[in-house]
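Chain by chain, the residues run as shown.
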Amino acid sequence: MPKDPVERFLAALDPDHRESIGAKPREEQEQLAAAWERELEADDELDTLDELSPPAAEAEAARRVLDRGTG
């Protein structure tokens, strides 16, 4: 698993979003990755999902961040 938060965030995205977010400036990617990490840490539902399927929890957190337009 990649150690870089941006790489981990991009890996959690679906292919279409991965491509569009990957084309954004690094600073914006870092902001989105930070929001994604906060989402993973803060949401208890994701903690439960993470126990069952870490990739599913990461994908759900990524979807939420993009839906909110958090940066």
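Quick note: structure is the one above.
Overview of the structure. (Residues numbered from 1 in each chain as written. Predicted model: local features only at pLDDT ≥ 70, side-chain atom pairs only at ≥ 80, totals over all residues. Heavy atoms only, no water.)

**What about the overall build of the protein chain?**
When helices and strands are tallied, the protein chain shows five helices and zero strands. What you see in the protein chain, going N to C, is helices and strands ordered as α-α-α-α-α. Taken against the 2.2 N^0.38 rule, which gives 11 Å for 71 residues, the C-alpha radius of gyration of the protein chain at 11 Å falls within 12% of a compact globule. Viewed in the frame of its principal axes, the protein chain has a C-alpha envelope of about 35 × 20 × 20 Å. For the protein chain, the residues scored as buried account for 32% of the 71 residues in total. For the protein chain, contacts bridging at least 24 residues in sequence account for 50% of all contacts bridging at least 6. For the protein chain, the exposed area adds up to about 4500 Å²; of that, 49% sits on carbon and sulfur atoms. Each charge class in the protein chain can be summarised by its mean position, and for the 9 positive and 20 negative side chains these summaries are 3 Å apart. (Helix = DSSP H or I, 4+ residues; strand = E, 2+ residues; numbered from the N terminus. Rg over C-alpha atoms; globule rule 2.2 N^0.38 Å. Buried < 20%, exposed > 50% of the residue type's maximum accessible area, 1.4 Å probe, protein only. Contact = heavy atoms within 4.5 Å. Areas by Shrake-Rupley, 256 points an atom, 1.4 Å probe, with all protein chains shown as cover. Lys, Arg positive; Asp, Glu negative; His and termini not counted. Charge placed at Lys NZ, Arg CZ, Asp CG, Glu CD.)

**Here we look at the nonpolar core**
If you look at the biggest cluster of nonpolar residues, it comprises 15 residues, and the most contacted ones within it are F9, L13, I21, W36 and A62. Within the residue set of this core, elements represented by two or more residues are α1 (5–12), α3 (26–42) and α5 (54–68). The greatest single-element share of this core, amounting to five residues, is contributed by α3. Apart from the residues within four sequence positions on either side, W36 is in contact with P5, R8, F9, A12, E58, A61, A62 and V65. (Core = buried A, V, L, I, M, F, W, Y, C linked by side-chain atoms within 4.5 Å.)

**So, the packing of α1 against helix α2 (residues 15–22)**
Geometry of a packed helix pair, given as the angle between the helix axes and the separation of the axes. One way to put it is that α1 packs onto α2 with a least axis distance of 8 Å and a crossing angle of 145 degrees. Across the interface between the two elements, F9, L10 and A11 from α1 touch R18, I21 and G22 from α2. For the contact of α1 with α2, the class distribution of residues is four nonpolar, one polar and one charged. (Axes fitted to C-alpha atoms, helices over the stretch in contact; angles between N-to-C directions. Nonpolar A, V, L, I, M, F, W, Y, C, P; charged D, E, K, R; others polar.)

**Topic: a negative patch on the surface**
There is a patch of like negative charges on the surface, built from D44, D47, D50 and E51. Here D47 lies in helix α4 (residues 44–52). On the basis of relative accessibility, which here comes to 35%, the residue D47 falls in the partly exposed class. (Patch = residues over 30% accessible without salt bridge, like charges linked within 9 Å, V, L, I, M, F, W, Y side chains within 5 Å. Salt bridge = Lys/Arg side-chain N within 4 Å of Asp/Glu carboxyl O.)

**Description of the side chain of Q29**
Looking at the secondary structure, you find Q29 in helix α3. What makes Q29 buried here is its relative accessible area of 7%.

Function cannot be read off these values alone, since they describe shape.
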